[in-house]
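Tertiary structure, described
Here is what each chain is made of, one letter per residue.
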Amino acid sequence: MLRQISLGTIGLTVGAILTIVGFVAYAADNATLNLVGFFYGFPLLLGGLALKANELKPIPFSQTTTPEVLALREQQATVTQNKIRKDITRYCYGQNAHLDRALSFLGLGKTDEDTPIVTGLKEKEINGAYALILEFDSPLLPIDAWQQKQEKMLKYFGPNVEVQITQPEADKIELALITTISNS
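Just so it is clear, the model here is predicted, and its values are computed rather than measured.

1. Quick notes on a nonpolar patch on the surface
Together, Ile 5, Leu 7, Ile 10, Val 14 and Leu 44 make up a nonpolar patch on the protein surface, roughly 380 Å² of accessible area in all. Among the elements that take part in the nonpolar patch, helix α1 (residues 7-27) stands out by supplying three residues, more than any other. A relative accessible area of 37% means that Val 14 is categorised as partly exposed.

Put into structure tokens, the structure is as follows:
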């Protein structure tokens, strides 16, 4: 639950309240509250603004995960699948995009403009195995470029993970990370 709360919003809210209290206390000649408002409120307000400027919102699930798939996740999901799911469904700070470093390492996008963007994720059961499916907006990187990196992806996201790449529509790529059954 805490992963779903924006630290920037908290900093802005608390900082604004304390800063306003400081101004009101200044007008009312209350030196103690005045100091609290200015020395704690204003820095919190500025910190909240800085976090808000560098905030990367969580990626939403594109479809609801069924209880059967949740049970399958508990039984079969690899450490890497869980880490990716948890990482992209929380607020992040100081990154250009979710998974930007991983995509850069895999050679999928040389510049910020042509790097694919994660737009959604879903969890499914594929042939009895748990699958985490990442949905990308990839207008400048064709499916051929993705498929050329499939072997490197197996090493990067593995062990015990099979990688499937599909293109459900133009400029969209789905990257399925499927747990190999031998892991269960």
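2. What to know about the sheet that holds strand β3 (residues 117-126)
What the four strands build is an open sheet, ordered β3-β4-β6-β5; its pairing is antiparallel. The outermost strands of the open sheet, each flanked by one partner alone, are β3 and β5 (161-166). Neighbour-to-neighbour, the strand axes of the sheet open up by a mean angle of 20°, direction not taken into account. Strands in contact with helix α4 (residues 79-88) are β3, β4 (129-137) and β6 (172-179); relative to β4, the strand with the most contacts, it is inclined by about 40°. In the packing of helix α7 (residues 150-157) onto the sheet, the strands contacted are β5 and β6, and the crossing angle to β5 comes to about 140°.

3. Looking at empty space enclosed by the protein
In this approach, a probe sized like a water molecule rolls over the atoms, and the result shows the empty space that is left. Here the structure, examined in full by the defined rule, presents one cavity of 30 Å³ or more. Its boundaries defined by the atoms lining it, the largest cavity holds a volume of some 40 Å³. Forming the boundary of the largest cavity are Leu 99, Ala 102, Leu 103, Leu 106, Phe 136, Phe 157 and Leu 175. The element contributing the most residues to the lining of the largest cavity is helix α5 (residues 100-106), with three residues. Taken together, the residues of the lining of the largest cavity break down into seven nonpolar, no polar and no charged.

4. Some remarks on the environment of Ser 6
Its location among the elements puts Ser 6 in the segment before α1. On a C-alpha basis, the gap between Ser 6 and Arg 90 in space is 8.8 Å, while along the polypeptide they are 84 residues apart. Filtering out sequence-adjacent residues up to four positions away, Ser 6 remains in contact with Lys 52, Glu 55, Tyr 91 and Tyr 93. Within the structure, Ser 6 has its side chain in polar contact with the side chain of Glu 55 (distance 2.3 Å).

5. Overview of the nonpolar core
One finds Leu 134, Phe 136, Trp 146, Met 153 and Leu 175 to be the most contacted residues of the largest nonpolar core, which totals 28 residues. With four residues, β4 is the largest single contributor of residues to this core. Of all hydrophobic cores here, the second largest spans five residues; its members include Ala 129, Ile 133, Ala 176 and Ile 178.

6. Concerning the pattern of salt bridges
For the coordinates displayed, the defined rule picks out eight salt bridges. Of the charged contacts, one joins Lys 122 and Glu 174 as a salt bridge, the two residues approaching to 3.2 Å between their closest N and O atoms. Of this pair, Lys 122 sits in strand β3 while Glu 174 sits in strand β6, placing them 52 residues apart in sequence. Since its relative accessible area comes to 10%, Lys 122 is described here as buried. One salt bridge in this structure joins Asp 137 and Lys 172, with 3.6 Å as the shortest N-O distance. Note that Asp 137 is positioned in strand β4 and Lys 172 in strand β6, a separation of 35 residues in sequence. On the basis of relative accessible area, Asp 137 is assigned to the partly exposed category, the value being 27%. Through salt bridges with shared partners, a single ionic network connects Lys 52, Glu 55 and Lys 57.

7. Focus: the layout of surface pockets
Estimated volume of the largest pocket: approximately 260 Å³. Forming the boundary of the largest pocket are Thr 80, Lys 83, Ile 84, Asp 87, Gln 95, Leu 99, Asp 100, Arg 101, Ala 102, Tyr 156 and Phe 157. Going through the elements one at a time, α4, α5 and α7 are the ones with two or more residues in the lining of the largest pocket. Looking at the lining of the largest pocket, the element that brings in the most residues is α4, giving four residues. Residues of the lining of the largest pocket, tallied by class, amount to five nonpolar, two polar and four charged.

What counts, and at which threshold
Residues numbered from 1 in each chain as written. Predicted model: local features only at pLDDT ≥ 70, side-chain atom pairs only at ≥ 80, totals over all residues. Heavy atoms only, no water. Patch = residues over 30% accessible without salt bridge, like charges linked within 9 Å, V, L, I, M, F, W, Y side chains within 5 Å. Areas by Shrake-Rupley, 256 points an atom, 1.4 Å probe, with all protein chains shown as cover. Salt bridge = Lys/Arg side-chain N within 4 Å of Asp/Glu carboxyl O. Helix = DSSP H or I, 4+ residues; strand = E, 2+ residues; numbered from the N terminus. Buried < 20%, exposed > 50% of the residue type's maximum accessible area, 1.4 Å probe, protein only. Pairing = 2+ DSSP bridges. Axes fitted to C-alpha atoms, helices over the stretch in contact; angles between N-to-C directions. Contact = heavy atoms within 4.5 Å. 1 Å grid on protein atoms, 1.4 Å probe; cavity = no way out; pocket = protein on both sides within 12 Å on 5 of 7 lines; lining within 4 Å. Points joined across faces, edges and corners; volume = space filled by probe spheres on them. Nonpolar A, V, L, I, M, F, W, Y, C, P; charged D, E, K, R; others polar. Polar contact = N/O pair within 3.5 Å; in protein donor to acceptor, adjacent residues only side chain to side chain. Core = buried A, V, L, I, M, F, W, Y, C linked by side-chain atoms within 4.5 Å.

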